[in-house]
Amino acid sequence: QVQLVESGGGLVQAGGSLRLSCAVSGRTSSIYLMGWFRQAPGKEREFVAAITWFGGSTYYGDSVKGRFTISRDGAKNTVALQMNSLKPEDTAVYYCAARSRPVVYSDSYSRPSEYDSWGPGTQVTVSS
C-alpha cells in the first residue's frame, strides 16, 4: 500500500509560479507510475502530468505543456510539480496519484481510473 500527501498549494497571482510536492510512503517499490491531476468545482478530474517511477519518462496534459514540469526524487520518495506562468484557469484542487501495477494501455498515464492510490489534494488558486 502506498500513502501520498501533497503540499505547496496556495494563492498566487496570474503569471506567478508554485511548486507542489507529493510525499510518497509505504510500498514505494511497487510503484510504476506517478501522476498529478486537478479538479475544479463542477468539472471532471483532469490529467496534468505523469512520470514513470523508475525510467523517468514524462507526460503532460495539453493545457500545461511548456509551463509545468514534473520530476521525482527517488532517494527522498517525492514527486514535484513545478508550475510556471500560472493562469486563473489553473485554479483547482491538485491531487497526486500512484499506480502500483504494470501499465497496460498506452494512455494509462492520463486516466484517473488507472491509478491505485490518491492523496487528499492541495488547493491552488490563481488570481487575475
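Our structure's up above, just so we're on the same page.
Counting of residues starts from 1 at the beginning of each chain's written sequence and follows it residue by residue. A pLDDT threshold of at least 70 governs which residues receive local features in this predicted model, and a stricter bar of 80 or more applies before side-chain atom pairs are shown or counted, although totals over entire chains, interfaces and linings include all residues. Each side-chain value is worked out from all heavy atoms of the structure, with water and hydrogens disregarded.

K.L.:
Describe the pattern of salt bridges, with residues and values.
P.N.:
By convention in these notes, a salt bridge is any Lys or Arg side-chain nitrogen within 4 Å of a carboxyl oxygen on Asp or Glu. Under the counting rule described, the total for this entry stands at 7 salt bridges. A salt bridge links Arg38 to Asp90; its shortest N-O distance comes to 2.8 Å. Remark: Asp90 occurs in the loop between strand S8 (78-83) and strand S9 (92-99) and Arg38 occurs in strand S4 (residues 33-39); sequence separation between them is 52 residues. Asp90 carries the same exposure label as Arg38, and that label is buried. We count a stretch as a helix when DSSP gives it H or I for four or more residues in a row; a strand needs E for two or more, and each element gets its number in order from the N terminus. When accessible area is computed with a 1.4 Å probe and restricted to protein chains, residues below 20% of their type maximum are described as buried, those above 50% as exposed, and intermediate ones as partly exposed.

K.L.:
Lay out the state of the cysteines in plain terms, naming residues and giving numbers.
P.N.:
Whenever a pair of cysteine sulfur atoms sits within 2.5 Å, that pair is classed as a disulfide. Taken as a whole and assessed by the stated rule, the structure comprises 1 disulfide. Shown here is the disulfide that connects Cys22 with Cys96, its sulfur atoms set 2.1 Å apart. Residues Cys22 and Cys96 are joined by a disulfide whose S-S torsion is about -80°; by sign, that bridge is left-handed. Pair noted here: Cys22 is in strand S3 (residues 18-26) and Cys96 is in strand S9, with a separation of 74 residues, a long-range link. Given the relative accessible area of 0%, Cys22 is considered buried. We classify Cys96 as buried; its relative accessible area is 0%.

K.L.:
Just give me the short version of the packing of aromatic side chains, but keep the residues and values in it.
P.N.:
Here a pair means two rings of Phe, Tyr or Trp (six-membered ring of Trp) with centres within 6.5 Å. Their orientation is stacked below 30 degrees between planes, edge-to-face above 60, and tilted elsewhere. Enumeration over the complete set of coordinates arrives at 7 aromatic pairs. Where Phe37 meets Phe47, the ring centres are 5.7 Å apart and the plane angle is 65°; that geometry is what we call edge-to-face. You can see Phe37 sitting in strand S4 and its partner Phe47 sitting in strand S5 (residues 46-52), a full 10 residues away along the chain. The pair formed by Phe37 and Phe47 is uniform in burial state, with each residue classed as buried. Taking 6.4 Å as the distance between ring centres and 80° as the angle between the ring planes, the aromatic pair formed by Tyr95 and Trp118 counts as edge-to-face. Note that Tyr95 is positioned in strand S9 and Trp118 in strand S10 (residues 117-118), a separation of 23 residues in sequence. Relative accessible area serves as the criterion here: at 28%, Trp118 is assigned to the partly exposed category. Following the ring pairs from residue to residue traces out a cluster consisting of Phe37, Phe47, Tyr59, Tyr95, Tyr109, Tyr115 and Trp118. To sit over a ring, a charge needs its Lys NZ or Arg CZ within 6 Å of the ring centre and within 35 degrees of the ring normal. One cation-aromatic arrangement involves Arg45 over Tyr95; the distance from NZ or CZ to the ring centre is 3.9 Å.

K.L.:
Which residues make up the nonpolar core, and what values go with them?
P.N.:
As a rule of thumb, soluble globular proteins bury nonpolar side chains together. Put simply, a nonpolar core is a bunch of buried Ala, Val, Leu, Ile, Met, Phe, Trp, Tyr and Cys residues held in one set by side-chain atoms that sit within 4.5 Å of each other. Counting 28 residues, the largest nonpolar core has Met34, Trp36, Leu81, Met83 and Tyr94 as the members making the most contacts within it. Elements represented by at least two residues in this core include exactly strand S1 (2-7), S3, S4, S5, strand S7 (68-73), S8, S9 and strand S11 (122-127). In what follows, residue pairs with any heavy atoms lying within 4.5 Å of each other are defined as contacts. Residues within four places of Tyr94 in sequence aside, it is in contact with Glu6, Leu20, Trp36, Phe37, Arg38, Val48, Phe68, Leu81, Met83, Gly121, Thr122 and Val124.

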